[in-house]
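The lines below spell out each chain.
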Amino acid sequence: MKALQFDRFGSPDVIVVREVPKPEPGPGQIRVAVRACGLTPGDWALVDGLFADQLPPLPRGLGTEVAGVVDALGEGVTGVGVGDRVFGPAPLDGPTAGAAEYALMTAWAHTPEGVTAEQAAALPMAAETAWHALDDLGVQPGESLLVHGAGSTVGEAAVRLALHRGVRVIATAGPARAAALEKIGARVTGYGDGMAERVGALAAGRVDRALDAAPTGGRIDRADQASPAGGALPTLIGLTGDPDRVLTISDFAAAAELGTRITQIEMRYDRMTEFARLAGEGVLAVSVARTYPLDQIHDAAKLSQSRRPGGKLVLVL
Ligand SMILES: NC(=O)c1ccc[n+]([C@@H]2O[C@H](COP(=O)([O-])OP(=O)(O)OC[C@H]3O[C@@H](n4cnc5c(N)ncnc54)[C@H](OP(=O)(O)O)[C@@H]3O)[C@@H](O)[C@H]2O)c1
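What you see is a predicted model, and the numbers here were worked out from it, not measured in a lab. (Residues numbered from 1 in each chain as written. Predicted model: local features only at pLDDT ≥ 70, side-chain atom pairs only at ≥ 80, totals over all residues. Heavy atoms only, no water.)

## Looking at the site of the ligand
Thinking step 1. Near the ligand there are 27 residues, and of these Thr-153, Gly-174, Tyr-191, Thr-263 and Arg-308 occur at the shortest range.
Thinking step 2. Measuring from an oxygen atom of the ligand, one finds a side-chain N or O atom of Thr-153 at 2.7 Å.
Thinking step 3. When the free accessible area of the ligand is taken as 950 Å², the share hidden by the protein chains comes to 90%.
Thinking step 4. Going through the elements one at a time, α3 (124-137) and α4 (153-164) are the ones with two or more residues in the shell around the ligand.
Thinking step 5. Its residues assigned to classes, the shell around the ligand shows 12 nonpolar, 12 polar and three charged. (Near = heavy atom within 4 Å. Polar contact = N/O pair within 3.5 Å; in protein donor to acceptor, adjacent residues only side chain to side chain. Areas by Shrake-Rupley, 256 points an atom, 1.4 Å probe, with all protein chains shown as cover. Helix = DSSP H or I, 4+ residues; strand = E, 2+ residues; numbered from the N terminus. Nonpolar A, V, L, I, M, F, W, Y, C, P; charged D, E, K, R; others polar.)

Following this line, the structure appears as structure tokens:
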């Protein structure tokens, strides 16, 4: 099968398309014929060496989320059959991962009727992160929540899930995503200069909690690559009046300095069935900006790293 692999760290340039053996599902695993593989900023961080000491030696694959059709079942697997459409995370502990013609999965849910493979592959990481971030922030129905960076995939998932939980949502986003976010029920303004005043006006002076879902542009574990002065975190603290009412998913160095909360997901993916139900009901979705074939991974990486992808980037097979 064809798969993306890298056998040294450095930059997306090291990612190559290779002909490799199909992976064999172990106990509790399924193998899918991949139709779509979601890309995240974390993919480039992994190629740069993030978690290198915790993951198996190179060569490794990339692509942490897939949608496809079940092609083989490992021992002990129940509740799913060959030919079923499924989506979920792809494990990173083999020589290939989700960006391949076939991928293994240890957690999955059935892709709902009416949801395409591209739409399903856009969901796992964004939904998992947004869900845990809202829980970790402790946001309650009726409260006002600022989602900063709502144009990111995690930001969009957080807006949708928060609205569904009965939270009043104010969002910051650029012009590409603003109208779509307003349509689903958020009050939206731009980020950048004057953001605090504009958000304050939309919230009538009161923001209960704030979630920073904007990409930092650097590795989340590297203080030297984070945005200067924590990006928007000081503004979010000013708007809520308390660093404990602010949570970032990306700027951990600034969070440690400023005392805000953080969410770092543990890849549990124990809510896939719930995410599938919400996607089937039209509650949960992440906008797909562009799709690419496997051999255009470098173009996809370039757009993702520009920090203005304008939605989810997805490989299609
Ligand atoms: N903690 C965790 O476990 C975890 C899990 C997943 C992801 N993350 C991190 O979360 C961040 C978001 O991930 P993602 O995949 O959702 O990102 P993404 O979709 O690649 O985010 C890109 C979008 O962010 C918006 N943006 C860019 N610069 C911004 C700024 N300065 N202020 C506000 N918005 C800005 C842009 O939208 P518009 O300009 O169109 O509004 C852009 O299209 C990344 O840093 C990622 O590494 C963390």
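Here the narrative resumes.
## Brief notes about the pattern of salt bridges
Thinking step 1. Evaluation of the coordinates by the stated rule reveals 14 salt bridges.
Thinking step 2. Here Arg-206 makes a salt bridge to Asp-208, at a shortest N to O gap of 2.9 Å.
Thinking step 3. One continuous salt-bridge network, built from bridges that share partners, spans Arg-271, Glu-274, Arg-277 and Glu-281. (Salt bridge = Lys/Arg side-chain N within 4 Å of Asp/Glu carboxyl O.)

## Quick look at the domain arrangement of the protein chain
Thinking step 1. Parsing the protein chain into structural domains produces domain 1 (2-122 + 287-316) and domain 2 (125-262).
Thinking step 2. On a C-alpha basis, the centres of domain 1 and domain 2 stand 27 Å from each other.
Thinking step 3. If you look at the interface, domain 1 gives 14 residues, while domain 2 gives 12 residues.
Thinking step 4. Taken together, the two surfaces of domain 1 and domain 2 that pack against each other cover about 1000 Å², and 55% of this comes from carbon and sulfur. (Domains from an automatic or database assignment. Contact = heavy atoms within 4.5 Å. Buried area = accessible area lost by both parts, 1.4 Å probe.)

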